[in-house]
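These are the residues of each chain, in order.
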Amino acid sequence: MTAETVFYIIIAILLLDFIVDQVLDALNAKHFEDKLPAELEDVYEDKEYERSQAYKKTRYKFGILTSSFSLILTLAFFFLGGFAWVDAIAKSITDNLILIALIFFGIIMIGSDILTTPFSYYSTFVIEEKFGFNKTTKKTFFLDKIKGWLMMAVLGGGILALIIWFYQFAGDNFWIYAWALITVFSIVMNMFYSKLIVPLFNKQTPLEEGILRTKIEAYAKTVGFTLDKIFIIDGSKRSTKANAYFSGFGSEKRITLFDTLVNDLEEDEIVAVLAHEVGHYKKKHIIFNLFVGIITTGFTLWLLSLFISSPLLSQALGVEEVSFHIGLIAFGILYSPISEITGLLMNILSRKFEYQADNYAKETFGSAPLISSLKKLSSNSLSNLTPHPAYIFFHYSHPSLLQRIKNLKLK
Ligand SMILES: [Zn+2]
């Protein structure tokens, strides 16, 4: 195989990925106007439904624009030898291999972020604004970007530097050390995400004493679950869209509720959402996902170790000598069809887990409050009630609203 062949395989993968996404999006869009199933007729008022139709169409068109732009940008970068050019800049600054890689990825990431910022700006301040979702100020928007960059530099840069250092002393066996590092990192992140990362972006306050807290604690008691760490997060600082999530495990486990969720839902509906989250915990989905994540990371790193020392990867991107960071880019794209497949399998599993968590909520708290909370949450985010089955299969980590309601109504 020649470097040129590898180059064209990479281009083919980029194009194929784009085409598959466009076909799925178009299929999905064809069903935006479908007649609503009887189960979902009361989700929207008529006027709201019209608004949700307009929102879906706007999002769909905007998606075509952004993905075409990023495809053109990526192809141009590949055909014009962009990676070799950035590599040369990094090498003109330092001889240290670790620093070269850090500068290389720094330039690529910040460069692409700056080029795509007008799109995310438009998405937040024009589209989300128009449909009444946006609460972000321009200050928050740009502060978020800067914080995101700093976090990426510290965490991403730190991990990358260590991995290249492992490669320098262990050669192709670097993957074992890298795997250990990433495993420890993801467990620590899972445990302390709410304490370490969230405070950089949001305020979290413990849920005050009151009817809601009493109801939550009463429910937790009936299922034998310690739930003393319940926090409200100021999601309303950025968007009206609502959410709730579980994080950590063992003594660090906590529930985080968006303030928007607390405002939009009745107390019983909030407890039902929590019952669903408790279901994930009780059915060991959180630990399982972490475990599967660790296994796939190991597999990916092992595969990387088989190819990283081959000059073909670097040469495909126009760099003569073998270099870890160039090889990493080429490998990343060559690997993407495999990660599409693992992602697909994870989505299938995730949808199974969602049914299990729904069933847990149904058995321990009844189905009615969960059904009404799901309907309200869908309506408040103007979500699509008639997704195409193929689109669900490829992209949905949760079953569709219709599927979930049908399941919850089963005896
Ligand atoms: Zn869930």
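Residues numbered from 1 in each chain as written. Predicted model: local features only at pLDDT ≥ 70, side-chain atom pairs only at ≥ 80, totals over all residues. Heavy atoms only, no water.

Per an unreviewed UniProt entry, the chain carries the name STE24 endopeptidase and comes from Mesonia phycicola. Listed in UniProt under the heading Subcellular location (unreviewed entry), the comment for the chain reads: "Endoplasmic reticulum membrane". (UniProt positions renumbered as here; feature names shortened; annotations may be inferred.)

Draft legend 1. How the structure looks around the overall build of the chain. A tally of regular secondary structure across the chain gives 16 helices and four strands. A compact globule built from 411 residues should have a C-alpha radius of gyration of about 22 Å, and the chain, at 23 Å, falls within 12% of that. Its C-alpha atoms give the chain principal-axis dimensions of about 65 × 45 × 40 Å. Taking all 411 residues of the chain together, 43% fall into the buried category. Long-range contacts, defined here as pairs at least 24 residues apart, represent 76% of the contacts in the chain between residues at least 6 apart. A gap of 5 Å separates the mean positions of the 38 positive and 39 negative side-chain charges of the chain. (Helix = DSSP H or I, 4+ residues; strand = E, 2+ residues; numbered from the N terminus. Rg over C-alpha atoms; globule rule 2.2 N^0.38 Å. Buried < 20%, exposed > 50% of the residue type's maximum accessible area, 1.4 Å probe, protein only. Contact = heavy atoms within 4.5 Å. Lys, Arg positive; Asp, Glu negative; His and termini not counted. Charge placed at Lys NZ, Arg CZ, Asp CG, Glu CD.)

Draft legend 2. A look at the UniProt feature "binding site: Zn(2+)" (unreviewed entry) in the chain. UniProt records the feature "binding site: Zn(2+)" (unreviewed entry) for His276, His280 and Glu354 in the present numbering. The named residues occupy 79 residues along the chain; their greatest pairwise C-alpha distance, 8.3 Å, places them in one compact cluster. With respect to the element layout, His276 can be found in helix α10 (residues 267–282). For His276, the residues in contact, after removing those within four places along its chain, are Glu354, Ala357, Asp358, Ala361 and Arg404. With respect to the helices, strands and loops of the structure, His280 is situated in helix α10. Taking relative accessible area as the criterion, His280 reaches 11% and is therefore assigned buried. If we skip the residues at most four places from it in the chain, His280 touches His285, Ile286, Phe353, Glu354 and Ala357.

Draft legend 3. Representation of the nonpolar core in the model. The biggest cluster of nonpolar side chains holds 48 residues, and the ones touching the most others in it are Ile216, Leu257 and Leu385. For this core, the element with the highest residue contribution is α10, accounting for seven residues. When neighbours within four sequence positions are excluded, Ile216 is seen to be in contact with Leu207, Leu227, Ile230, Leu257, Val271 and Leu274. Among the nonpolar cores identified, the runner-up in size contains 43 residues, and Phe83, Ile98, Leu301 and Ile333 belong to it. (Core = buried A, V, L, I, M, F, W, Y, C linked by side-chain atoms within 4.5 Å.)

Draft legend 4. Expanded view of the UniProt feature "domain: Peptidase M48" (unreviewed entry) in the chain. The UniProt feature table records "domain: Peptidase M48" (unreviewed entry) at residues 207–409. Taken end to end, residues 207–409 comprises 66% helix and 6% strand; its first and last C-alpha atoms sit 31 Å apart.

Draft legend 5. A look at the sheet that holds strand β3 (residues 244–247). Reading across the sheet, the four strands line up as β1-β2-β4-β3 and stay open at both edges, with mixed pairing between neighbours. In this open sheet, the two edge strands, each paired with only one partner strand, are β1 (204–206) and β3. Each adjacent strand pair in this sheet contributes to an overall mean axis angle of 30°, direction not counted. Where β1 lies against strand β2 (residues 230–233), three bridges are found, and the strand directions are antiparallel. Bridge assignment links Thr205 to a residue of β2, and that residue is Ile232. Across the sheet, α10 lies against β3 and β4 (254–258), angled at about 30° from β3, the strand it touches most. (Pairing = 2+ DSSP bridges. Axes fitted to C-alpha atoms, helices over the stretch in contact; angles between N-to-C directions.)

Draft legend 6. Quick peek at the pattern of salt bridges. If you walk through the whole model with that rule in mind, you get 17 salt bridges. Residues Lys57 and Glu33 are paired through a salt bridge, measuring 2.7 Å at the closest nitrogen-oxygen approach. Of this pair, Lys57 sits in helix α2 (residues 46–79) while Glu33 sits in the loop between α1 (3–30) and α2; the two residues are 24 residues apart in sequence, bridging distant segments of the chain. The class for Lys57 is partly exposed, based on a relative accessible area of 34%. Looking at Glu33, the relative accessible area reads 52%, which means it is exposed. One salt-bridge network, in which partners are shared between bridges, spans Arg59, Glu128 and Lys241. (Salt bridge = Lys/Arg side-chain N within 4 Å of Asp/Glu carboxyl O.)

Draft legend 7. The arrangement of unusual backbone geometry in detail. The residue Lys284 is not glycine, and still its phi comes out positive at about 65°. Within the fold, Lys284 resides in the loop between α10 and α11 (285–307). With a relative accessible area of 56%, Lys284 lands in the exposed category. With a phi angle near 50°, Leu382 is a residue other than glycine that sits in the positive phi range. Structurally, the position occupied by Leu382 is in the loop between α14 (368–380) and α15 (389–395). Classification of Leu382 as buried rests on a relative accessible area of 2%.

Draft legend 8. Representation of the packing of aromatic side chains. Under the defined criterion, the tally for this structure stands at 37 aromatic pairs. Measuring from centroid to centroid gives 5.0 Å for Tyr55 and Phe131, while their planes differ by 65°, and the two rings are edge-to-face. Pair noted here: Tyr55 is in helix α2 and Phe131 is in the loop between α4 (97–130) and α5 (138–170), with a separation of 76 residues, a long-range link. Look at Tyr55 and you get buried, because its relative accessible area is 6%. Judged by relative accessible area, which is 5%, Phe131 ranks as buried. Here the guanidinium or amino end of Lys241 rests over the ring plane of Phe133, the centre of that ring lying 4.4 Å away. (Phe/Tyr/Trp six-rings, centres within 6.5 Å; stacked < 30°, edge-to-face > 60°. Lys NZ or Arg CZ within 6 Å of the ring centre and 35° of its normal.)

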